[in-house]
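# Topology and contacts: notes
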Amino acid sequence: MATIKFKPQKKVAYDKTPLQLKVSSGVREKIMSIPDWQETVRAFLDEMIAKNEKHT
């Protein structure tokens with residue numbers, strides 16, 4: 001049986017299809033060196049979506 005490597009912090013499961021984007025050279029390494037970077041990006045995306053929904 002496989003060991004669980006990741007436990008989501010929210011009660012709702014994350015989408016199984018990842019969001020991917022190309023970034024400038026060196027950005028990936030810099031981002032990955034930031035502690036808790038995935039949660040920070042998720043929060044930023046939630047804010048960006050909320051702002052866009054207000055304008056439409």
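As a starting point, this report considers the structure included with it.

What counts as what
Residues numbered from 1 in each chain as written. Predicted model: local features only at pLDDT ≥ 70, side-chain atom pairs only at ≥ 80, totals over all residues. Heavy atoms only, no water. Helix = DSSP H or I, 4+ residues; strand = E, 2+ residues; numbered from the N terminus. Buried < 20%, exposed > 50% of the residue type's maximum accessible area, 1.4 Å probe, protein only. Areas by Shrake-Rupley, 256 points an atom, 1.4 Å probe, with all protein chains shown as cover. Salt bridge = Lys/Arg side-chain N within 4 Å of Asp/Glu carboxyl O. Phe/Tyr/Trp six-rings, centres within 6.5 Å; stacked < 30°, edge-to-face > 60°. Lys NZ or Arg CZ within 6 Å of the ring centre and 35° of its normal. Polar contact = N/O pair within 3.5 Å; in protein donor to acceptor, adjacent residues only side chain to side chain. Patch = residues over 30% accessible without salt bridge, like charges linked within 9 Å, V, L, I, M, F, W, Y side chains within 5 Å.

## A word on the overall build of the protein chain
A tally of helices and strands in the protein chain yields two helices and zero strands. Evaluated residue by residue, the protein chain yields a buried proportion of 0% over its 56 residues. Surface exposure of the protein chain reaches about 6100 Å², of which carbon and sulfur atoms provide 59%.

## Section: the pattern of salt bridges
Enumeration according to the criterion identifies one salt bridge in this entry. Among the salt bridges present, the one from Glu39 reaches Arg42, with a minimum N-O distance of 2.8 Å. One end of the pair is Glu39 and the other is Arg42, both in helix α2 (residues 37-55) and three residues apart, which spans about a single turn. Relative accessible area serves as the criterion here: at 24%, Glu39 is assigned to the partly exposed category. The exposure class assigned to Arg42 is partly exposed, which follows from its relative accessible area of 24%.

## Concerning the packing of aromatic side chains
According to the stated counting rule, one finds zero aromatic pairs in the structure shown. A cation sits over an aromatic face here: Arg42 above Tyr14, 4.2 Å from the ring centre.

## Here we look at the environment of Asp15
Tracing the sequence through the fold places Asp15 in the segment before α1 (27-32). A polar contact of 2.9 Å, which involves the side chain of Asp15, links it to the backbone nitrogen of Thr17.

## A few points about a nonpolar patch on the surface
On the surface, Ile31, Met32 and Ile34 cluster together to form a nonpolar patch covering roughly 240 Å² of accessible area. One can find Ile34 in the loop between α1 and α2. Judged by its relative accessible area of 42%, Ile34 falls in the partly exposed class.

## Let's talk about unusual backbone geometry
Despite not being glycine, Asp36 has its phi angle at roughly 60 degrees, a positive value. With respect to the helices, strands and loops of the structure, Asp36 is situated in the loop between α1 and α2.

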